[in-house]
Structures are given as structure tokens and as C-alpha cells.
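Tertiary structure, described
What follows is the residue order along each chain.
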Amino acid sequence: MSSTVRKLIQKKFKIRGYTLKIDALDQILSFTNRFLGAEDEALDLLLDHLQSQSQKLGVKSSILDKEPVSRVIASLLAADDAVEEDFISDGAVSSSTSAIRVIDAFLIPKFRYDPIRKQFYEHTGGLHIHGDASAKAALYKDRFLLLYQRVLRDSHFSKPAFHTEMSHYGSCEIAPIQSLVGQMGRRWVMGVISQLEDGHFYLEDLTASVEIDLSKAKVTTGFLSENTIVVAEGEMLVSGIYQVITCGFPPLEDRDKSLKSLAQHDFFGGGTLTKEETLRLSELEKRSLNDMFVILSEIWLDSEEVMGKLETVLDGFESQEVVPSLFVFMGNFCSHPCNLSFHSFSGLRSQFGKLGQMIGAHQRLREHSRFMFIPGPEDAGPSTVLPRCPLPKYLTEELQKHIPNAIFASNPCRIKFYTQEIVFFRHDLLYRMRRSCLMPPSTEETDDPFEHLVATITHQSHLCPLPLIVQPIIWNYDHCLHLYPSPHTIVLGDKSEQKAFKYTGITCFNPGSFSDDSTFVAYRPCTQEVEFSAL
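Everything quoted here is computed from the prediction, not taken from an experiment.

Rules of the game
Residues numbered from 1 in each chain as written. Predicted model: local features only at pLDDT ≥ 70, side-chain atom pairs only at ≥ 80, totals over all residues. Heavy atoms only, no water. Pairing = 2+ DSSP bridges. Helix = DSSP H or I, 4+ residues; strand = E, 2+ residues; numbered from the N terminus. Contact = heavy atoms within 4.5 Å. Axes fitted to C-alpha atoms, helices over the stretch in contact; angles between N-to-C directions. Buried < 20%, exposed > 50% of the residue type's maximum accessible area, 1.4 Å probe, protein only. UniProt positions renumbered as here; feature names shortened; annotations may be inferred. Phe/Tyr/Trp six-rings, centres within 6.5 Å; stacked < 30°, edge-to-face > 60°.

**Thoughts on the pairing of strand β21 (residues 499-503)**
Working note: regular strand, side chains alternate between the two faces of the sheet. As judged from the 5 bridges shared by β21 and strand β22 (residues 506-510), these two strands associate in the antiparallel manner. Within β22, the residue paired with K502 across the bridge is T507. Once β21 ends, the chain turns through 2 residues before running back antiparallel as β22, passing T504 with a positive phi of about 45°.

Pasting the structure below:
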């Protein structure tokens, strides 16, 4: 490990025009060892300060010895300690709950990709709930361009620099669908699967559309449904139909690689951090080993049995030496759908009040834990479209009297815990994705439906890539469901059985149904450890 870091140090300093003596190299190595996992940021910060203070330090040569390096490191560590002391004295870390920042879906900034300039820009105009026809077209365009710019950076799909035999056979360059006309032989294309005519599926990109035949296609992991974006290999038939031979989702990109291409844009919504803040928060995150989130889905407040089980859970955590930092209660909060035929809203309001009394009776949890409520697909609200706004204030007023710091979040919602990004989504997604699947997914890598679901949403960089007729989405707020760059953790509240799957560094899990199976999850964000629990 140290040899790798040494090479990294020498490379970064050489790029900035410096050569290091052995004693200076050792000094920098001991400095970077304080920031395991964040060596790049630590070195960039050190180099920035070294260059800005070179005259003050008396650096007159490109060959650096120990003295100027030690002075810069000492000033950085002193500043870090001072900031941390202020941070603690202000009460910012007096409670682990203060490290949690909840981001409402409707407040997430919207970014669009410009294919001409090859960069993202922030949308600054107003976003209307009831968008016009152009907003629906923009939804599909934005989804496509988000994945297209990612695919272009992939070595397998990038255009060869030289037309050599090696680069020709080693490359799968994406061709526009418009260019398939009159072409013979196999071509790779990328597009959205759509059903422009009943029973006839097409592949569309920004240039054209072509009817596709999937009867002989070999598919990869994931649920292939209408509205998903795929990369396909095939050839044009005489009939003008594109015969698909191989079909799969666009390759996933490493989170760090995505962040480097975003030019400090805040896609997640938690605000951008300086290098100093990132390093300091990383250090604080490593110390928060005892922080734990308890996540429960499907809590029927109108069921005495469920409320009894919930009280047992709260009693158990109340007696723990360290109480959880956060409890996440995900809907549905009623055993009956809160639709037009539901007339017991006053009863549901009082049941939320009883839940507040139950939580308030546990003194340690009330004082040291926070409670977040996320609506389910059948909870009360203006409609069933995504994203969903928080639970109506009418229902939650009684609960807030007992728990004033309760958080009522949108669905989906996001949490920033120090440097970690966590996405919560309550939807019965697995059942709907399986029903909408055009053909059975490949079982070569896995036959677990939950793992296929995780592969689908991560490769699509979208929480709900279902057809809009199956699950409506507010056109102007589709970006709230994007998963780009990939978050550290995705919590999928689903009626299906309790599952967890770590896929390409992303931790995904389903806490299960508390009302049906008495299952829930205790999650430790510091280590990304998922602990299955049940009564």
C-alpha cells in the first residue's frame, strides 16, 4: 500500500513541477496516512497550499526538501484541529443526529447535458408541476443524454483513435440509428425501447427510430422493459427491421470517475464541499462507528398487532447503550389504500398521534434519536405520481406535538451523512418491474430477482425506469429520481422479502415488510454494514 501511495505522491508532485527529496517524501507519506481513502484530496490540498505560499516559504527551487513541506503540513493540521474544535464547541457533533442532512426531492437541483459543448449546465428556470408537452419530450432526452455521455467515456464504446486492426476489433463504437439505413453488417446502437405501435417495439435515439426484433436476442442481467435505455448489437434485415443479437444496459461508471467529469456540480443536492471540508468530514465519519439507522417499511398504524410489535422494537433500542441516530419509518401507514373510497382520515390522524405518544414515552430515543417519515405508494397525498410530497400536515400535527423534531420527507428522499450519500425510495418496484419485463433476464450471473432489480436501476441511473403508463412521473421533476453519480447506498422499501446486495460498490437493500413479516434493518453508514433484524 505504501509503495502505491509513494508513486501517487511522486506523480502528483511531478505534474506540478516538483521533485521530492527522500526526507520530504517520507513527511508527505505520513501526512497522507492520516487520510486513508482520501489521499488524492489530501495531496491536492497540500500542493495548492505549497504553491500559493511558495514565496513565503522561501521555495526557490523545484527540488523540495523536508523543511518547507513540514511547515505547510503543520499549518494544515493546525487549521484542521482548530476548525474541528470550533465545530464541536458549536454543538455540531455533540449529537450524531446533527451530521444528518435530509434533502427533499423537490429541492434537488436540475442539470442538463449539452452534447455540443459536452458539459452539464444547471437549469435555472422555474419548474411547473403541470408541464407542457415539451417537458415530456425533455424527460426522455435528458435520460438518454445522461447515459450517452457516460457510455462515450467507456473504453469499449469510445471511437478508436487510429483505424488499425486492433482498435477496429477492440471497439464497439455506437452508431446513430439514422445511419443504419442502407448499411450492411453488424452495428452497435443505443436507444430507448418504445412501443410506437401495438405489439411492435422500436429503438429510438435523438436521430431516428427503428423497429427491432428481440426474438433471437441474448440479454444480460436486469429487467428489460419499455422505457429502458439499452445498448444493442445487431444488423438490418431486408424488411427494414433491426435484428438484435446482443442487448444489455449501458455500462456502469465508477462514482469517482463520474465526479471528476462533473466540474463540481452538485447533482445530489447536499451542497458542494471544499477539499478541506471533505477531509474533515471524512475524519469525523471514521469516528462515528456507533451511528446506526433503523429502517422499517410498511407500518400499519391502524393495526394493534403492528403497533405492539413496533413498541417492542422501540423498547429494545431504548435499553441499548448507544441509541440509533435515526429511525426511518416508510409507508404505507394504513392497511387500506388512502384513495377516494377512504373516509377515515380523522382516525388516521389520531393514530399518528398515538405513535407520537409511543415514541415520546421512550425518553432516550426522544432526546437522542431523530425520526423520519416517508410516504408509501398508497398513503394519503394529492396523487400517486412520483416524486411524492411529504405526508399531509393534517395527519401529522398530533405526532409533532410529541416529537417536535420529526422529519416528514418526500418519496424518494436523500440523506447526506458526513460525506456519504444515501437514497431512500418506498415503492413496490420489484413486482412492477417483473410484470413489465419484455423477456426473461439472463440467469448466467444471478437468478435472484432483487439483484436483477438493483442492476436495472443502477445501470439506468434511475430509481423507476418503468413506462409512464405504469408509473406516472411529474415530467419536470424526473431528475429527482436520477441516480447519477451513483450514491453510496440505496434503500428500496418494497413489499417483497428482506434482501441486501452490494453491486459495484453500491450498497442496496430492502428492509422488508414490518407489518407482514416483522422484518426491519439496522444500517451502519460508517461501515455500510446491513444487519437484518426480525421479531
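So that's the structure; there's more coming.
**A closer look at the side chain of H427**
Mapping H427 onto the fold places it in the loop between β18 (420-426) and α14 (429-436). When residues no more than four places from it in sequence are discounted, the contact partners of H427 are P377, L386, R432, Q471, G493 and D494.

**Points about the sheet that holds β22**
Here we have 6 strands laid out as an open sheet, ordered β3-β17-β18-β20-β22-β21, and mixed in their pairing. Strands with a single pairing partner mark the edges of an open sheet, and in this sheet they are β3 (100-104) and β21. Shown here is a sheet whose adjacent strand axes are inclined to one another by a mean of 20°, direction ignored. In this structure, β3 lies alongside strand β17 (residues 413-417), joined through 5 bridges in antiparallel fashion. Along β17, the bridge assignment pairs I100 with F417.

**Here we look at the environment of L50**
Structurally, L50 is set in helix α3 (residues 39-52). L50 gets classed as buried once you look at its relative accessible area, which sits at 3%. Spatially, the C-alpha atoms of L50 and V69 are 7.5 Å apart, while their sequence positions differ by 19 residues.

**Examining the UniProt feature "domain: DNA polymerase alpha/delta/epsilon subunit B" (unreviewed entry) in the protein**
Mapped onto the present numbering, the UniProt feature "domain: DNA polymerase alpha/delta/epsilon subunit B" (unreviewed entry) falls on residues 293-498. A distance of 16 Å separates the end C-alpha atoms of residues 293-498, which is 33% helix and 18% strand.

**Points about the packing of aromatic side chains**
Tallied over the full model, the rule gives 25 aromatic pairs. With a centroid separation of 6.2 Å and an interplanar angle of 35°, the aromatic rings of F120 and Y484 are classed as tilted. Of this pair, F120 sits in strand β5 (residues 119-122) while Y484 is found in the loop between α15 (449-460) and β20 (489-493), placing the two residues 364 residues apart along the sequence. Neither F120 nor Y484 differs from the other in exposure class; each is buried. Here F293 and F417 contribute two aromatic rings whose centre-to-centre distance is 5.5 Å and whose plane-to-plane angle is 85°, an arrangement assigned as edge-to-face. Taken as a pair, F293 in strand β13 (residues 293-297) and F417 in strand β17 lie far apart in primary sequence, 124 residues in all.

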